[in-house]
Amino acid sequence: MADCIFCMIAEKNIPSKVVYEDDRILVFHDLEPQSPVHVLMIPKKHISSLDDLQTEDAELLGHLMLKVKDIAKELGLENGYRLVNNCGEDGMQTVKHLHFHLLGKRQMTWPPG
Ligand code: 5GP
Ligand code: ZN
């Protein structure tokens with residue numbers, strides 16, 4: 001999608017530090033990490049948010065979710081991690097292309113702010 005920064009990253013029009021890639025998803029380091037490990041997991045297909053998921057996206061999302069544990073292992077997150085999705089205005093979503101933050105290598109706190 002034109003003007004979508006994560007589509008541009010997925011298409012390699014904007015550089016990123018890629019951790020994992022296949023035909024359907026891309027995992028890359030966040031530009032402003034909030035923990036020692038902070039990567040973003042995105043579908044290459046433009047989906048604006050979790051709120052815009054369609055039934056036809058079920059397999060794609062299942063694929064992405066099943067990759068979480070593999071990426072976590074690759075990044076050395078044996079002690080645990082947090083997977084975050086910010087959705088919409090109240091969720092403080094800033095980039096309108098579905099993404100999951102995978103954070104680790106520090107003790108998280110609860111509740112989130
Ligand atoms: P959101 O607030 O939408 O959940 O998260 C967007 C995330 O994308 C933020 O953590 C922000 O640091 C990251 N981000 C925004 N622009 C870029 C970029 O151009 N490259 C990378 N690698 N991360 C970005
Ligand atoms: Zn996009």
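Nothing here was measured: the structure is a model prediction, and the numbers come from that model. (Residues numbered from 1 in each chain as written. Chains lettered and ligands numbered in written order. Predicted model: local features only at pLDDT ≥ 70, side-chain atom pairs only at ≥ 80, totals over all residues. Heavy atoms only, no water.)

(A) Region of interest: the overall build of the protein chain. From N to C terminus, the protein chain includes 2 helices and 5 strands. When the helices and strands of the protein chain are placed in sequence order, the string is α-β-β-β-α-β-β. Its C-alpha atoms give the protein chain a radius of gyration of 14 Å, within 12% of the compact-globule value 13 Å for 113 residues. Overall, the protein chain is about 35 × 30 × 25 Å in size when its C-alpha atoms are taken along their principal axes. Relative to all contacts within the protein chain whose residues are 6 or more apart in sequence, the contacts with residues 24 or more apart total 55%. Roughly 7,100 Å² of accessible area belongs to the protein chain as shown, and the carbon and sulfur atoms make up 53% of that amount. The average position of the 12 basic charges and that of the 17 acidic charges among the side chains of the protein chain differ by 8 Å. (Helix = DSSP H or I, 4+ residues; strand = E, 2+ residues; numbered from the N terminus. Rg over C-alpha atoms; globule rule 2.2 N^0.38 Å. Contact = heavy atoms within 4.5 Å. Areas by Shrake-Rupley, 256 points an atom, 1.4 Å probe, with all protein chains shown as cover. Lys, Arg positive; Asp, Glu negative; His and termini not counted. Charge placed at Lys NZ, Arg CZ, Asp CG, Glu CD.)

(B) View of the pattern of salt bridges. For the structure on display, the rule yields 8 salt bridges. When the shortest N-O distance is used, the salt bridge between Glu-56 and Lys-45 registers 3.5 Å. With Glu-56 in the loop between strand S3 (37–43) and helix H2 (58–74) and Lys-45 in the loop between S3 and H2, the pair connects residues that are 11 residues apart, well separated along the chain. On the basis of relative accessibility, which here comes to 64%, the residue Glu-56 falls in the exposed class. The partly exposed category is assigned to Lys-45, whose relative accessible area is 37%. Among the charged side chains, a salt-bridge network with shared partners connects Lys-12, Glu-21 and Lys-44. (Salt bridge = Lys/Arg side-chain N within 4 Å of Asp/Glu carboxyl O. Buried < 20%, exposed > 50% of the residue type's maximum accessible area, 1.4 Å probe, protein only.)

(C) Looking closely at the site of ligand 1. Near ligand 1, the surroundings consist of 16 residues, among which Asp-30, Asn-86, Thr-94, His-99 and His-101 are the closest. Here a nitrogen atom of ligand 1 and a backbone polar atom of His-29 are 2.9 Å apart. Residue Val-95 places a main-chain N or O atom 2.9 Å away from an oxygen atom belonging to ligand 1. Across the complex, the protein chains shield 84% of the 520 Å² of accessible surface that ligand 1 would expose by itself. Contributing elements (two or more residues each) for the shell around ligand 1: helix H1 (5–10) and strand S2 (25–29). Considering every element that reaches the shell around ligand 1, the biggest residue donor is H1, with 3 residues. Of the residues that constitute the shell around ligand 1, the class distribution is 8 nonpolar, 6 polar and 2 charged. (Near = heavy atom within 4 Å. Polar contact = N/O pair within 3.5 Å; in protein donor to acceptor, adjacent residues only side chain to side chain. Nonpolar A, V, L, I, M, F, W, Y, C, P; charged D, E, K, R; others polar.)

(D) Inspection of the coordination of the zinc ion (ligand 2) at higher detail. For the zinc ion (ligand 2), the full set of protein donor atoms is Cys-4 (SG), Cys-7 (SG), His-46 (ND1) and His-97 (ND1), at a range of 2.0 to 2.3 Å. What the 4 donor atoms of the zinc ion (ligand 2) show is an angle range of 106 to 116 degrees at the metal, which sorts the shape as tetrahedral. Spacing between the donor residues of the zinc ion (ligand 2) along the chain follows C-x2-C-x38-H-x50-H. Here His-97 lies in the loop between strand S4 (81–84) and strand S5 (100–104) and Cys-4 lies in the segment before H1, a separation of 93 residues in the sequence. (Donors = N, O, S within 2.8 Å, 3.2 Å for Na, K, Ca; no water. Tetrahedral: all angles 85-135°; square planar, octahedral: opposite > 155°, others 65-115°.)

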